Amino acid sequence: MPLKGVEPKPGDLIEISRFGYYHWALYVGYGYVIHLAPPSEFAETGISSLFSVVADKAMVRKEPLWAVVKGDDYWVNNKHDRNLPRRSVDQIIQEAESLVGKTMPYSVASKNCEHFVTKLRYGVARSDQVRDAVVAGAVGIVGVGVLVAAATFIGSLLSDNKQEDE
């Protein structure tokens, strides 16, 4: 469950609301976070964008939380603490710090910032926003299919009724 207004502790996952998606970072203490940043998430760009969809590389960066948040809403969200074992804070921070400055493969579908931070905290890469988008897309496709089938069925009924009237 997201915790708004809670002071983050080292090892906490930070969820940042962007226009159309959520960016994720790992709080490492003293006001800093480590995050997987495609070019659209570099703090000095001053904007957040959806251009990360086409990026295939991202850099692990350590930056002040305020610089990454850029005025957007954010909260602590250690959402898998109830169903996944959490690694020790020392393990989480040590691994995160060892990755700072490295360029890593990036895919919005399989290697995004949420995958990155959940792998650090839990040892398992997960992205619920990708899962939810896939489910929503599938529901949308099924929904369109159902509408087309319903329209076809109603059309055939109307056609049958029209032929009976003639």
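Residues numbered from 1 in each chain as written. Predicted model: local features only at pLDDT ≥ 70, side-chain atom pairs only at ≥ 80, totals over all residues. Heavy atoms only, no water.

Draft legend 1. Expanded view of the layout of surface pockets. Within this model, the second largest pocket holds a volume of roughly 190 Å³. If you go around the second largest pocket, you meet 13 residues; those closest to its centre are Met104, Lys111, His115, Phe116 and Lys119. Only α2 (89-99), β6 (103-105) and α3 (113-122) provide two or more residues apiece to the lining of the second largest pocket. Ranked by the residues each element gives to the lining of the second largest pocket, the list is headed by α3, at 4 residues. Broken down by class, the residue content of the lining of the second largest pocket amounts to 7 nonpolar, 3 polar and 3 charged. (1 Å grid on protein atoms, 1.4 Å probe; cavity = no way out; pocket = protein on both sides within 12 Å on 5 of 7 lines; lining within 4 Å. Points joined across faces, edges and corners; volume = space filled by probe spheres on them. Helix = DSSP H or I, 4+ residues; strand = E, 2+ residues; numbered from the N terminus. Nonpolar A, V, L, I, M, F, W, Y, C, P; charged D, E, K, R; others polar.)

Draft legend 2. Main features of the environment of leucine 26. Considering the arrangement of structural elements, one finds leucine 26 in strand β2 (residues 21-29). With 67 residues separating them in the primary sequence, leucine 26 and isoleucine 93 have C-alpha atoms 8.6 Å apart. For leucine 26, the residues in contact, after removing those within four places along its chain, are Gly11, Asp12, Leu13, Tyr32, Val33, Ile34, Ile92, Ala96, Val117 and Leu120. (Contact = heavy atoms within 4.5 Å.)

Draft legend 3. Fine view of α2. Looking at α2, one finds that the buried residues are Ile92, Ile93, Ala96 and Leu99. The buried residues of α2 occupy an angular sector of 130 degrees when projected down its axis, which confines them to one face. Structural note: α2 exposes Asp90 and Gln94 on the side pointing more than 90 degrees away from its buried face. If you follow the buried residues of α2, they end up packed against β2, β3 (32-37), β4 (57-64) and α3. Remark: glycine 101 follows α2 within two positions and exhibits a positive phi of approximately 90 degrees. (Buried < 20%, exposed > 50% of the residue type's maximum accessible area, 1.4 Å probe, protein only. Arc of directions from axis to C-beta.)

Draft legend 4. Layout of the packing of aromatic side chains. Counted by the stated rule, this structure contains 1 aromatic pair. Geometrically, the ring pair formed by tyrosine 22 and tryptophan 75 is edge-to-face, given 6.2 Å between the ring centres and 65 degrees between the ring planes. One end of the pair, tyrosine 22, is in strand β2; the other, tryptophan 75, is in strand β5 (residues 74-76), with 53 residues separating them in the sequence. We note lysine 62 situated over the ring of tyrosine 32; from NZ or CZ to the ring centre the distance is 5.8 Å. (Phe/Tyr/Trp six-rings, centres within 6.5 Å; stacked < 30°, edge-to-face > 60°. Lys NZ or Arg CZ within 6 Å of the ring centre and 35° of its normal.)

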